[in-house]
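Chain by chain, the residues run as shown.
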Amino acid sequence: MRTQVCIIGAGPAGLLLGHLLRAEGVECVVLERRAADYVLSRIRAGVLERITVSLMERLGLDGRLKAEGLVEEGFNLADGERLIRIDIAKLTGQHVVVYGQTELTRDLMDAREDRGLEVIYEAEDATLHDIDGNAPFVTYRKDGAEHRVAARIVVGCDGFHGPSRQAVLSRGTEYQREYPFGWLGLLADVPPCHHELIYSHHDRGFALASMRSKTRSRYYIDVPLTEKVEDWSDDRVWDELARRLPDEAAGRIVRGPSLEKSIAPLRSYVFAPMRFGSLLLCGDAAHIVPPTGAKGLNLAASDVHYAAEALIGFFKRSDADAIAGYSDKALARVWKSERFSWSLTRLMHRFPEDGPFERAMQVAELDYIGSSRAAQTSIAENYVGLPV
Ligand code: APR
Ligand code: PHB
């Protein structure tokens, strides 16, 4: 097969990029290792920044997002007892939209036929070749046969465990921090305990009250990395949430059976640069943020925004400089989102190595945020997403 752009990975980054390129008449194909149903089975975060919503609007694929997404004009930090509301709308004039990543991925998948986006599922062992030349190609196996996609550009949208970054690992620099705890997430068909998100830092640890809709809630607590999800019955999770969330919210928790319950590790990670010859990296293939700032999906969207701009310039206007500038442009926003996610994680969690002084600093910082419009504005503008 011959095309202009070969995209590896059909998660949010790969599908968003594929649709943006097709909408501009740039030929592309997306190779996905898993089956479509498997990709949709992943439970992921659900807060969309402006950039992510605007890409869906640009594609005309925002119908369900507009109908079902929950507009959130504020969110809350809590020091275990007191709710500190960050009034996003008042402080930034913007808002975020709560809409599951799975639903966004579904909308992009459902539009494949109609938009002429070719996605090859169950494409195994994708391998990158000649990425430093002008004629890179990707080989993969499907139905027992070997296939080859010749392209001018390859874009790695294959997530943290995909082959793209591995193909250039020795040529870039890794910046990373692993956190000494994980997040135990629980999904249940019960109404949320509060109409806005609550990030709570209690002496017992972190809790997050989020939602997918007015009838489906998503909760998290941080747990030591040694914990096993099978040791956490639903009741044990509900009890811990009630202890860690402020009373006014905890009192409104509606319990119910978990639809999904899992523990995910937290990591901050950046791989730079994000371009090597004819290979661009987008999304989790290039960086990971702890979920505290709800940045993972939104950073993938801003990478895709920059990559689409560069590729459309290259293929439609023969502008090679656009591709040359991709990595610096994307990384400038990646680093600022990494900083926000790391700083909010540091503020909202108990770290094993922390002593009374560090705890006092966290309490003082939350107290300062509670009393400072400037501090709240800084948090608000990072939460809704810095300008692209
Ligand atoms: N060949 C083809 N596809 C692959 C391969 C491979 N060898 N390895 C991985 N993939 C696919 C995965 O199956 C997945 O569907 O690449 C896709 C990567 O998607 P994501 O991991 O969702 O990454 P991205 O699209 O960058 O979206 C980032 O997803 O993981 C969350 O928290 C993250 O919200 C963020 C968002
Ligand atoms: C979620 O709803 O899954 C969610 C929301 C906000 C976060 C992380 C996860 O920061």
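Structural data are supplied above this passage.
Since we're looking at a predicted model, the values are computed, not measured.

## Considering the environment of Cys6
Moving on, step 1. One can find Cys6 in strand β1 (residues 5–8).
Moving on, step 2. Counting along the chain gives 25 residues from Cys6 to Leu31, while the straight-line C-alpha distance between them is 7.6 Å.
Moving on, step 3. Excluding its chain neighbours within four sequence positions, the residues that come into contact with Cys6 are Val29, Leu31, Val138, Val149, Ala151, Ile153, Val154 and Val155.

## Observations concerning the site of ligand 2
Moving on, step 1. What surrounds ligand 2 is a group of 14 residues, the closest being Tyr199, Ser210, Arg212, Tyr220 and Pro291.
Moving on, step 2. At a separation of 2.6 Å, an oxygen atom of ligand 2 approaches a polar side-chain atom of Tyr220.
Moving on, step 3. Take Thr292: an N or O atom from its main chain is 3.3 Å from an oxygen atom of ligand 2.
Moving on, step 4. Contact with the protein chains covers 100% of the free accessible surface of ligand 2, which is 280 Å².
Moving on, step 5. Class assignment of the residues belonging to the shell around ligand 2 gives a composition of nine nonpolar, three polar and two charged.

## Observations concerning the pattern of salt bridges
Moving on, step 1. Overall, the coordinates contain 33 salt bridges when judged by the stated rule.
Moving on, step 2. A salt bridge links Glu103 to Arg64, with the nearest nitrogen and oxygen atoms 2.9 Å apart. Here the residue Glu103 occupies a position in helix α6 (residues 101–110), and Arg64 occupies one in helix α4 (residues 63–68), the gap between them amounting to 39 residues.
Moving on, step 3. The class for Glu103 is partly exposed, based on a relative accessible area of 22%.
Moving on, step 4. Measuring nitrogen to oxygen at the nearest pair gives 2.9 Å for the salt bridge that ties Arg218 to Glu260. Of this pair, Arg218 sits in strand β16 (residues 217–224) while Glu260 sits in strand β17 (residues 258–272), placing them 42 residues apart in sequence.
Moving on, step 5. Judged by its relative accessible area of 4%, Arg218 falls in the buried class.

## Description of the nonpolar core
Moving on, step 1. Counting residues in hydrophobic clusters, the biggest one holds 81 residues, and the most contacted among them are Val5, Ile7, Leu17, Leu21, Val155, Leu311 and Tyr326.
Moving on, step 2. At 13 residues, helix α11 (residues 296–317) tops the list of elements feeding residues into this core.
Moving on, step 3. Residues in contact with Leu21, not counting those within four places in the same chain, are Val5, Ile7, Val26, Cys28, Ala308, Leu311 and Ile312.
Moving on, step 4. By size, the runner-up hydrophobic cluster in this structure holds 33 residues, among which are Val96, Leu266, Leu366 and Ala375.

## Quick notes on the site of ligand 1
Moving on, step 1. Every one of the 22 residues lining ligand 1 counts as a neighbour, but Glu32, Arg42, Arg44, Gln101 and Asp284 are closest to it.
Moving on, step 2. Of all the secondary structure elements, the ones that give two or more residues to the shell around ligand 1 are α1 (12–23) and α11.
Moving on, step 3. Tallied by class, the residues present in the shell around ligand 1 amount to eight nonpolar, seven polar and seven charged.

## Considerations on the sheet that holds strand β9 (residues 124–129)
Moving on, step 1. One open sheet holds the three strands; their spatial order is β9-β10-β11, and the pairing between them is antiparallel. Edge positions in the open sheet fall to β9 and β11 (145–150), since each of these has one partner strand only. Each neighbouring strand pair of the sheet contributes to a mean axis angle of 20°, computed without reference to strand direction.
Moving on, step 2. Pairing analysis gives six bridges linking strand β10 (residues 137–142) to β11, with the strands arranged antiparallel. Among the inter-strand pairings, Val138 is bridged to a residue of β11, identified as Val149.

## Comments concerning the packing of helix α3 (residues 50–59) against α11
Moving on, step 1. At a minimum axis separation of 8 Å, α3 and α11 run at an interaxial angle of 50°. When the axis of α3 is compared with that of α11, the two are oblique. On α11, the residues that touch Ile51, Thr52, Leu55 and Arg58 of α3 are Asn298, Ala301, Ser302, His305 and Ile312.
Moving on, step 2. Of the residues contributing to the contact of α3 with α11, the split by class is four nonpolar, four polar and one charged.

## Notes on the pairing of strand β13 (residues 173–188)
Moving on, step 1. Pairing geometry for β13 and β17, over 13 bridges, is antiparallel. Residue pairing across strands places Gln176 opposite Tyr269, the latter belonging to β17.
Moving on, step 2. In terms of strand pairing, β13 meets β16 through eight bridges, oriented antiparallel. In the sheet register, Gly182 faces β16, and the bridge partner there is Val223.

Reading guide: rules and limits
Residues numbered from 1 in each chain as written. Chains lettered and ligands numbered in written order. Predicted model: local features only at pLDDT ≥ 70, side-chain atom pairs only at ≥ 80, totals over all residues. Heavy atoms only, no water. Helix = DSSP H or I, 4+ residues; strand = E, 2+ residues; numbered from the N terminus. Contact = heavy atoms within 4.5 Å. Near = heavy atom within 4 Å. Polar contact = N/O pair within 3.5 Å; in protein donor to acceptor, adjacent residues only side chain to side chain. Areas by Shrake-Rupley, 256 points an atom, 1.4 Å probe, with all protein chains shown as cover. Nonpolar A, V, L, I, M, F, W, Y, C, P; charged D, E, K, R; others polar. Salt bridge = Lys/Arg side-chain N within 4 Å of Asp/Glu carboxyl O. Buried < 20%, exposed > 50% of the residue type's maximum accessible area, 1.4 Å probe, protein only. Core = buried A, V, L, I, M, F, W, Y, C linked by side-chain atoms within 4.5 Å. Pairing = 2+ DSSP bridges. Axes fitted to C-alpha atoms, helices over the stretch in contact; angles between N-to-C directions. Parallel < 35°, antiparallel > 145°, perpendicular 65-115°, else oblique.

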